[in-house]
Protein chains: 2
Amino acid sequence: MNVTIYDVAERAGVGIGTVSRVLNDSPHVREPTRQRVLQTITELNYQPNPMARGLSLKRTNTIGIVIPFFTRPFFVEVLRGIDNELLQHGYNLILYDVEQKELKDYYLRELPMRRRVDGLLLISLCLEEVDVRAITRVRLPIVLVDSRHPAFSSVSVDNVGGARTAVAHLIENGHQRIGFISGRLDDPFGFPTSSERFAGYRQVLKEHDLPFHEAYHQIGEFNAQSGYECMKRLLALAQPPTAIFATSDTQALGALRAIQETGGQVPQDFALVGYDDIEVSQYVGLSTIRQPMFRMGQEGARLLLQQLENSQDEPEPTCIRLPVQMVIRETSTQSLN
Amino acid sequence: MNVTIYDVAERAGVGIGTVSRVLNDSPHVREPTRQRVLQTITELNYQPNPMARGLSLKRTNTIGIVIPFFTRPFFVEVLRGIDNELLQHGYNLILYDVEQKELKDYYLRELPMRRRVDGLLLISLCLEEVDVRAITRVRLPIVLVDSRHPAFSSVSVDNVGGARTAVAHLIENGHQRIGFISGRLDDPFGFPTSSERFAGYRQVLKEHDLPFHEAYHQIGEFNAQSGYECMKRLLALAQPPTAIFATSDTQALGALRAIQETGGQVPQDFALVGYDDIEVSQYVGLSTIRQPMFRMGQEGARLLLQQLENSQDEPEPTCIRLPVQMVIRETSTQSLN
DNA sequence: CTGTTAGCGCATTCAC
DNA sequence: GTGAATGCGCTAACAG
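Residues numbered from 1 in each chain as written. Chains lettered and ligands numbered in written order. Predicted model: local features only at pLDDT ≥ 70, side-chain atom pairs only at ≥ 80, totals over all residues. Heavy atoms only, no water.

With that settled, consider the overall build of chain A. Across its full length, chain A holds 13 helices and 12 strands. Expected size for 337 residues packed as a compact globule is a radius of gyration near 20 Å; at 26 Å, chain A overshoots this value by more than 25%. In terms of its C-alpha atoms, chain A occupies a principal-axis envelope of roughly 85 × 40 × 30 Å. Residues classed as buried in chain A amount to 57% of the 337 residues present. At a minimum sequence separation of 6, the contacts of chain A that also span at least 24 residues come to 69%. Summing over all exposed atoms, chain A offers an accessible surface of approximately 14500 Å²; the carbon and sulfur share of this is 49%. (Helix = DSSP H or I, 4+ residues; strand = E, 2+ residues; numbered from the N terminus. Rg over C-alpha atoms; globule rule 2.2 N^0.38 Å. Buried < 20%, exposed > 50% of the residue type's maximum accessible area, 1.4 Å probe, protein only. Contact = heavy atoms within 4.5 Å. Areas by Shrake-Rupley, 256 points an atom, 1.4 Å probe, with all protein chains shown as cover.)

Looking now at the relation of the copies chain B and chain A. For the match of chain B to chain A, the screw axis carries a shift of 0.0 Å, the RMSD comes to 0.1 Å, and the turn is 180 degrees. On this basis, the relationship between the two copies can be described by a two-fold rotation axis. Comparing interface residues between copies, 100% of those in chain B also lie at the interface in chain A; the contact surface is shared. (Least-squares fit on C-alpha atoms with pLDDT ≥ 70 in both.)

We now examine helix α13 (residues 293–309) of chain A. An α-helix turns once per 3.6 residues; consequently, residues spaced three or four apart project the same way. Residues and elements named next belong to chain A. With 17 residues, α13 extends 25 Å from end C-alpha to end C-alpha; this agrees with the ideal 24 Å at 1.5 Å per step. Where burial is concerned, most of α13 is hidden: 12 out of the 17 residues are buried. Listed in full, the buried residues belonging to α13 are M293, M296, G297, Q298, E299, G300, A301, L303, L304, L305, Q307 and L308. (Expected span 1.5 Å × (residues − 1).)

I65(A) and I65(B) are the most contacted members of the largest nonpolar core, which has 98 residues in total. Once you skip the residues sitting within four places of it in the chain, I65(B) turns out to touch L79(B), I82(B), L93(B), I94(B), L95(B), Y96(B), L121(B) and I123(B). (Core = buried A, V, L, I, M, F, W, Y, C linked by side-chain atoms within 4.5 Å.)

Let us now look at the protein's contact with DNA strand C. Around DNA strand C, a shell composed of 31 residues is seen, among which I5(A), Y46(A), R53(A), T18(B) and R21(B) lie nearest. When atoms of DNA strand C within 4 Å of the protein are sorted by moiety, sugar and phosphate together comprise 65%. Classifying every residue of the surface near DNA strand C by side-chain character gives 12 nonpolar, 14 polar and 5 charged. (Near = heavy atom within 4 Å. Nonpolar A, V, L, I, M, F, W, Y, C, P; charged D, E, K, R; others polar.)

Here the focus is the side chain of Q251(A). Residue and element names in this part refer to chain A. Tracing the backbone through its elements, the reader meets Q251 in helix α11 (residues 249–261). Side chain to side chain, Q251 and S248 meet in a polar contact 3.0 Å long. Once residues lying within four places of it in the same chain are set aside, the contact partners of Q251 are I181, S182, G183, G220, E221, F222, N223, G227 and A246. (Polar contact = N/O pair within 3.5 Å; in protein donor to acceptor, adjacent residues only side chain to side chain.)

Overall, the coordinates contain 20 aromatic pairs over all chains when judged by the stated rule. A ring pair is formed by F180(A) and F198(A), whose centres lie 5.8 Å apart and whose planes are at 20 degrees; its orientation type is stacked. Of the two residues, F180(A) sits in strand β6 (residues 178–182) while F198(A) sits in helix α9 (residues 193–207), which places them 18 residues apart along the sequence. Of the two residues examined, F180(A) and F198(A), each falls in the buried class. Here the aromatic cluster, defined as three or more aromatic residues joined through ring pairs, consists of F180(A), F198(A), Y201(A), F212(A), F245(A) and Y275(A). If you follow R197(B) out to its NZ or CZ, it ends over the ring of Y275(B), 3.5 Å from the centre. Against the face of F212(B) rests R202(B), its NZ or CZ located 4.0 Å from the ring centre. (Phe/Tyr/Trp six-rings, centres within 6.5 Å; stacked < 30°, edge-to-face > 60°. Lys NZ or Arg CZ within 6 Å of the ring centre and 35° of its normal.)

The subject of this paragraph is unusual backbone geometry. Residue P267(A) follows V266(A) across a cis peptide bond; omega there is 5 degrees. With respect to the helices and strands, P267(A) occurs in the loop between α11 and β9 (271–276). Despite not being glycine, S124(A) has its phi angle at roughly 50 degrees, a positive value. Within the secondary structure, S124(A) is located in the loop between β3 (119–123) and α7 (129–137). Given a relative accessible area of 1%, S124(A) falls into the buried group. The backbone of D25(B) sits at a positive phi, close to 35 degrees, despite the residue not being glycine. Relative to the helices and strands, D25(B) resides in the loop between α2 (16–23) and α3 (31–44).

As a structural note, the neighbourhood of DNA strand D is formed by 28 residues, with T18(A), R21(A), I5(B), Y46(B) and R53(B) the closest of them. What you see for DNA strand D is that sugar and phosphate hold 66% of its atoms within 4 Å of the protein. Here a base nitrogen of DNA strand D sits 3.5 Å away from a polar atom, N or O, in the side chain of Y6(B). Breaking the surface near DNA strand D down by element, the ones donating at least two residues are α2 (16–23) and α4 (50–57) of chain A together with α1 (5–12), α2 and α4 (50–57) of chain B. The residue makeup of the surface near DNA strand D, split by class, is 11 nonpolar, 12 polar and 5 charged.

The interface of chain B with chain A comprises 49 residues on the first partner and 49 residues on the second. Across the chain B to chain A interface the summed buried area is about 4500 Å²; carbon plus sulfur atoms make up 55%. Contact with chain A buries surface across chain B, with Q47(B), M51(B) and Y283(B) losing the most and accounting together for 17% of the total. For the pair chain B and chain A, the interface holds 4 salt bridges. Residue R257(B) is joined to E330(A) by a salt bridge in which the shortest nitrogen-to-oxygen separation is 2.9 Å. Where chain B packs against chain A, one counts 12 residue pairs in polar contact (both at pLDDT 80 or more). Taken together, the elements giving at least two residues each to the side of chain B that touches chain A come down to α4, α5 (73–88), β2 (92–97), α6 (101–110), α10 (224–235), α11 (249–261) and α12 (279–284) of chain B. When the residues that make up the side of chain B that touches chain A are grouped by side-chain class, the tally is 21 nonpolar, 15 polar and 13 charged. (Buried area = accessible area lost by both parts, 1.4 Å probe. Salt bridge = Lys/Arg side-chain N within 4 Å of Asp/Glu carboxyl O.)

Moving on: the domain arrangement of chain A. Residues and elements named next belong to chain A. For chain A, the domain assignment lists domain 1 (5–56), domain 2 (62–157 + 293–322) and domain 3 (159–291 + 325–332). Each of domain 2 and domain 3 has a C-alpha centre, and the two are 29 Å apart. Every contact between the two is made by 18 residues of domain 2 and, on the other side, 13 residues of domain 3. Looking at the side of domain 2 facing domain 3, the largest losses of area belong to R72, V157 and M293, adding up to 37% of the total buried there. Where domain 2 meets domain 3, there are 1 salt bridge. One salt bridge in this structure joins E196 and R148, with 2.7 Å as the shortest N-O distance. Counting the contacts that link domain 2 with domain 3 gives 3 residue pairs in polar contact (both at pLDDT 80 or more). Among the residues making up the side of domain 2 that touches domain 3, the classes are represented as 10 nonpolar, 2 polar and 6 charged. (Domains from an automatic or database assignment.)

The next point concerns the sheet that holds strand β7 (residues 217–219) of chain A. Residues and elements named next belong to chain A. Pairing in this open sheet of 6 strands is mixed, and the strands run β7-β6-β8-β9-β10-β12 from one edge to the other. Of all the strands in the sheet, just β7 and β12 (325–327) have a single pairing partner and so form its edges. Direction aside, the axes of adjacent strands within the sheet are offset by 20 degrees on average. Helix-sheet contacts for helix α8 (residues 159–172) involve β6, β8 (243–246), β9, β10 (287–290) and β12, and the interaxial angle to β9 is about 165 degrees. (Pairing = 2+ DSSP bridges. Axes fitted to C-alpha atoms, helices over the stretch in contact; angles between N-to-C directions.)

Following this line, the structure appears as structure tokens:
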């Protein structure tokens, strides 16, 4: 029913070995024969069966992405970067969306065993030692994106530095009371985004001899609603901060709304800096720390592809560190509004 | 190196046939034997090779999603719905992101041939006859989401009705000059979102004896930036509309910004209704037409899974029609601000 | 009930 | 150079 390599061989009057050779551009085929085979391949519209190919080659030609909450713009962009790179190299992408920690553990421990993917790309996920063992034991190529681990290649950004820049910017603009809206420092998925940025925040405060107020640090989820609520709490303080740094643009947008709702002016009354530089930010005039999200995905995919090429030797992990960049817009500067 | 069915069989002292049987819960295995096999399976941490299984079964256990611009919140939500349903049934998901029409054509024509997926889920994509032939010829199960075609099952929403509700709502609130911000009516991907909603828009205008002004219809992309620009153009008119209906919340957010920037008040000066009900909308107070995005994905996946179950008989296509719902918030009502 | 065998479609030795 | 044979890991049909 489906056209196989045998059909092609027969029709072209050659053996399947030869067909296989032209399929894999082996040099050991005479040009006329190659042409003839190529010809009948298009005639029959033959497509090699990837399963059979995989079974024989012991490769699946697909790589797995383990990603939490891919609802967040950040993850979507990273995913696009990955997809873009992978498709160009003929790899398929298979998605594992882990919205809960149990799922993450499950995948991280089971996935390496099932030979469904040639490699794994983990996004914003921290590895426990159990996972590390499971992965290294089967020698599954793996690279971390937006996360790090000594044993594996990774591409990450400087969260501490990004936060430092943001807070320093706020201080330079004359702010002394700076609020911080973040996710949980002890993130259930273990990713250090919040805690690293928190560290940067505190460092800069300290360097400028500014006190750290527990109440100025509001913790929530990475969404607008949560940012809104956090800001409400900040506004309810006896002496609210005059500037807010949020760990994501989405949260910042929520905060913006809370401010506006209570009649506050941005940036006159409150300065605001987010993180990510998602699409709407540019547009809403939100100052932010731009992460190269698309590129992070791209580089991560490249790293993994490289590992797949020279799979013979165990390469030492390479860590790519991508720069973040402060984007100053209206929500943080008096001048531009 | 990797543990196979033979290893299990040997260790358990049975033939591979038996192992295969317990793997596929065949009733023809005595309980003691089954237990013994199960036992050694966990002992060896055996995982059946999906490629081999697929090759033998002629199934891949993965389904493909063809999706344009999955950067848009709408697509992300649909995707989540699909992912959610599929994973529960042990299916894997493989993503084909088609950002350009050529890619779409390529995938739609090649994918059916390569036996990489058991079925296809097309999101917001319109089929040309060439595609239809390619698909039906190989009898690849396929379901359309947010689109329709007589030959296939689909899950869609009432775009005309949704637009009607939105515009009617605006008129009821006293507006006579209603602008419309949409995508191209002759969408390159062929999806009828814009044109259907445009139809609804015009219907209601007509029913209320309101004239249709060409200039009130601004066409752009489905993003904030474009919504912003469209609104700017509307504002530049000698007699701008007092209400705007946009085909997506993102566009509406852009429009909102444009209004605010020129000092306009919402909803006092301008009423605004979007489409989709994405996360931020609730939160920004944007009136909108809510689409059950997550559910659309879910239902689409279910439909496809059903088709995969009873693959023997060619079932007649079933079309699920999901309701949309007007969500009235601050941007369209005087009362609530 | 259970072991054995024959494919599934392709890559890869080997001989020729 | 090229064809035939073998194996990849598993399911299913066939004997016991």
